[in-house]
Each structure stands twice: as structure tokens, then as C-alpha cells.
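If you want the building blocks of each chain, they are given just below.
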Amino acid sequence: MRILGIETSCDETALSLIKSEDGIDITVLADKTLSQVALHQPYGGVFPNLAKREHIKNLPLLLAPLLEEAGLAAKMPAIDAIAVTVGPGLEPCLWTGITFAETLAEKWGVPIIPVNHMEGHIYSTLLHARKISKLNLPALVLLISGGHTELVLIKRQGEYEIIGETRDDAVGEAFDKVARLLGLPYPGGPEISRLAETIRRELRSIFSHEIVLPRPMLHSPDYDFSFSGLKTAVLYLLKKLPELTEETKMQIAREFEDAVTEVLVTKTKKALQHYGAQTLLIGGGVIANTNIRRAFENLSSSYGRVDMICGLKLLIPEPRLTTDNALMIALAGLAHYKEARPAMRGALKARGNLRLGEKIW
Ligand code: KG4
Ligand code: ZN
């Protein structure tokens, strides 16, 4: 069976075509993403109406080469279903993908599968060496992106229970806001990571830990997070500094990353132990971060320190699948193939605040 995935929830326009007979062995026929990062950079964040306009322009531009690369006919391609992100995300952007999906589905006479973007991020963690990994249950998912920070429990395949989430800013949002305070370009995550890794690699400030930031909600009795205080702490710190040197920027970046990493790892570890989770999945743009990746890899390896969790299976996406893409949407669509319905204009709505586990149709 062949599935076309469509993703337009934020600032990436993406299309992907996959083929699978059993839902486990996956062939990626073609996969394309057009990032609008450069376009939004002057605004310091994603400008929804500009993003919408770009999606409308880019979707047809991506479709023709996608079909050609997959070796499918341009007019009536042999596709079995179209999977499209319906939320969560920026509503004007989501609508562009939904309308595009409905138009194609009508023209080609194929059904539509609505997909939750966050479930897409979960599927992005499962694809390794062209196969969908088996989940040892119960499994725990940490979703860390520009819009979300969630801990999700999977007791049964396809059933999601959000056990913790951010009370204010998402982790990626905190990275972006702190980067902005430091005068770094959007998106801030990779910039902060670059500075922090430089100072770590050079061991330059190993003896100077004068910059200390809080670890919000580190020991709270729940699995919730809060990151806006961390951003405010950076703001106050900057106000007190006589000048912001490159060295200080690097120190702040490193301390900020350490604080975020410690909170994420501590909370996740607590949940893993409490629920006896066998598998840990980590999805979303922020798992591109080297320090966070490394900390979770240490947690899951079975030798050495006593605080490591033995036998835990850790699933992190391949680097190209960490940020938004349509392959993960096609994979989630494949898993929900039974829910495909004939295209009917107006049957689907953009759901900006759609939560994991909520019904879509
Ligand atoms: O999942 P994603 O591509 O889009 C959303 O659905 O939000 O995540 C984007 C977020 C941005 O906030 C970006 O700054 C962050 O992921 N990000 C990173 C890194 N690469 C991207 N954060 C920290 N370190 C990185 N290397
Ligand atoms: Zn995302």
C-alpha cells in the first residue's frame, strides 16, 4: 500500500510517499521538505499568515517532483490514501494542508486519514533501518518541540495518556526565547547548542561556574514542567551584567542547556521508574540537541553508574526526522489506515489545540 503524507502545521512544507505491505517494513519512495526558516528569521519567530502563503505556494511545487521521484503518474498516481496533519499547530497553516489533501483525494478518488502531528513525532522515533520498531510496553514518550513538552504513557499500542506537560513555555520555545535575549538568530535551539558545545569541548569554563540558573519544578511531586521562569532568570542575569561578552554568552548557553537537561532527565527518570516503562521514545525538534541526546543515552545504557536504568530500550529519531517532516505523518497514517474515509469537503477541520488521544473524525 502507498500513502502520501502532508505536513503544514508550522513553518515546514513537507510531502512524503511511503510504501508498505505489512506496516512494519517501510520503503520511502520520496520525501521532500521546504523549510521557511530563512523567511521567518527577520521576525524572530514564525509569522502565521506568511507561513500560510508559503505553504499554498510550496505544496504544488513539491508534489510534481515527489511523484516523479517515486515513479508515479502525475495525473492519477497509484496511491491508496492521503494522510494529513490536522493539528496541533497554527490553524491558518493546518488549513492549507487539509484543503490540499481534500482536493487531491477528490481528484484521485482516494480516502483521507487525519493525523495528530504529535503522534507523527512519536512515529518518527520508531523508524530505524527501514523498519518500524516494536514497542515493549508500557512505554513512555517524551515530546519536546517548539510548541509542546509532554510526558505520555503508552500502556497499549495506540492509546496515549498525557501524565505531565508544561505549565507555560515549551522547551523549544524557551530555547528560542533565551537565544533571542542573547541576540542569537531564530530558531534559537541550534544556536544555543552550538555555543554550549563549544565551551564544553574546550573545557574553558570548567572552573568558573559563577553563572547559575534555576531548575524549575525539579522536585515537584508531579510530572509537569515549567520553563518560563528559566527564561526570566536569564533576563534578570543579563540586566545585572555590565556587558555581554562572547564568553558570557557561551556560559549562559551552557548553563541554560544544563538546567533544561537536568529537569527533563530527572522528571523522565522518575516517570520511567514509577510506571515500570520498558521503552522510552523521545520525539520533537529539541531532541536534535546534542547535550539532551547524550544525557538520555547515558540513562539507557546498561553499564556503569548506579542511577542508570538497566534494559531500557531508547528510541530517538534519525537526525533528519527530529524536526517537522511528512514521513512521520505518512507513518502515523499507515498505522491508522483503517480509519481512512472518503474525501468529503468540509469533513475535516484544523484543530490548533488537538491533544494526543483525542478523537479526530
Ligand atoms: O518539532 P519542531 O521542528 O517543530 C514544532 O512542532 O514545534 O521543533 C522546533 C523546535 C524549535 O523551538 C527549535 O529551536 C528546537 O526545536 N530545536 C532545538 C535544536 N534544534 C531545533 N532545540 C535545542 N537544540 C537543538 N539542536
Ligand atoms: Zn513538530
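Residues numbered from 1 in each chain as written. Chains lettered and ligands numbered in written order. Predicted model: local features only at pLDDT ≥ 70, side-chain atom pairs only at ≥ 80, totals over all residues. Heavy atoms only, no water.

1. A few points about helix α6 (residues 188-201)
Spacing of three or four residues puts side chains on the same side of an α-helix, whose turn is 3.6 residues. Here α6 spans 20 Å end to end across 14 residues, near enough to the 20 Å set by a 1.5 Å rise per residue. Burial of α6 is extensive: 11 of the 14 residues sit out of reach of the surface. Among the residues of α6, G188, G189, E191, I192, S193, L195, A196, E197, T198, I199 and R200 are the ones counted as buried. Those residues of α6 hidden inside the fold are in contact with α5 (171-181), α8 (246-275) and α9 (290-300). (Helix = DSSP H or I, 4+ residues; strand = E, 2+ residues; numbered from the N terminus. Expected span 1.5 Å × (residues − 1). Buried < 20%, exposed > 50% of the residue type's maximum accessible area, 1.4 Å probe, protein only. Contact = heavy atoms within 4.5 Å.)

2. Re the site of ligand 1
Not every one of the 19 residues close to ligand 1 is listed here, only the nearest: G146, D176, G189, G285 and N289. Here an oxygen atom of ligand 1 sits 3.3 Å away from a polar atom, N or O, in the side chain of H121. At 2.7 Å, a side-chain N or O of D176 approaches an oxygen atom of ligand 1. Of all the elements in the fold, those that place two or more residues in the shell around ligand 1 are α4 (117-126), α5 and α6. By residue class, the composition of the shell around ligand 1 is five nonpolar, 12 polar and two charged. Among the domains, domain 1 (2-125 + 324-342) and domain 2 (137-277 + 285-320) are the pair contributing at least three residues each to the shell around ligand 1. (Near = heavy atom within 4 Å. Polar contact = N/O pair within 3.5 Å; in protein donor to acceptor, adjacent residues only side chain to side chain. Nonpolar A, V, L, I, M, F, W, Y, C, P; charged D, E, K, R; others polar. Domains from an automatic or database assignment.)

3. Observations regarding the packing of aromatic side chains
Scanning the entire structure with this criterion turns up four aromatic pairs. Here the basic side chain of K267 rests over the ring of F225, its NZ or CZ set 6.0 Å away from the ring centre. Between the NZ or CZ atom of K270 and the centre of the ring of Y223, over which it lies, the distance is 5.2 Å. (Phe/Tyr/Trp six-rings, centres within 6.5 Å; stacked < 30°, edge-to-face > 60°. Lys NZ or Arg CZ within 6 Å of the ring centre and 35° of its normal.)

4. So, the domain arrangement of the protein chain
Parsing the protein chain into structural domains produces domain 1 (2-125 + 324-342) and domain 2 (137-277 + 285-320). Tallying the contact residues gives 18 residues for domain 1 and 14 residues for domain 2. Here domain 1 and domain 2 share an interface that buries about 1,300 Å² over both sides, 63% of which is from carbon and sulfur atoms. Sorting the residues of domain 1 by area buried against domain 2 places M118, I122 and T125 first, and these three jointly supply 38% of that buried surface. Taken together, the connections running from domain 1 to domain 2 amount to two residue pairs in polar contact (both at pLDDT 80 or more). Looking at the side of domain 1 that touches domain 2 element by element, the count peaks at seven residues for α4. (Buried area = accessible area lost by both parts, 1.4 Å probe.)

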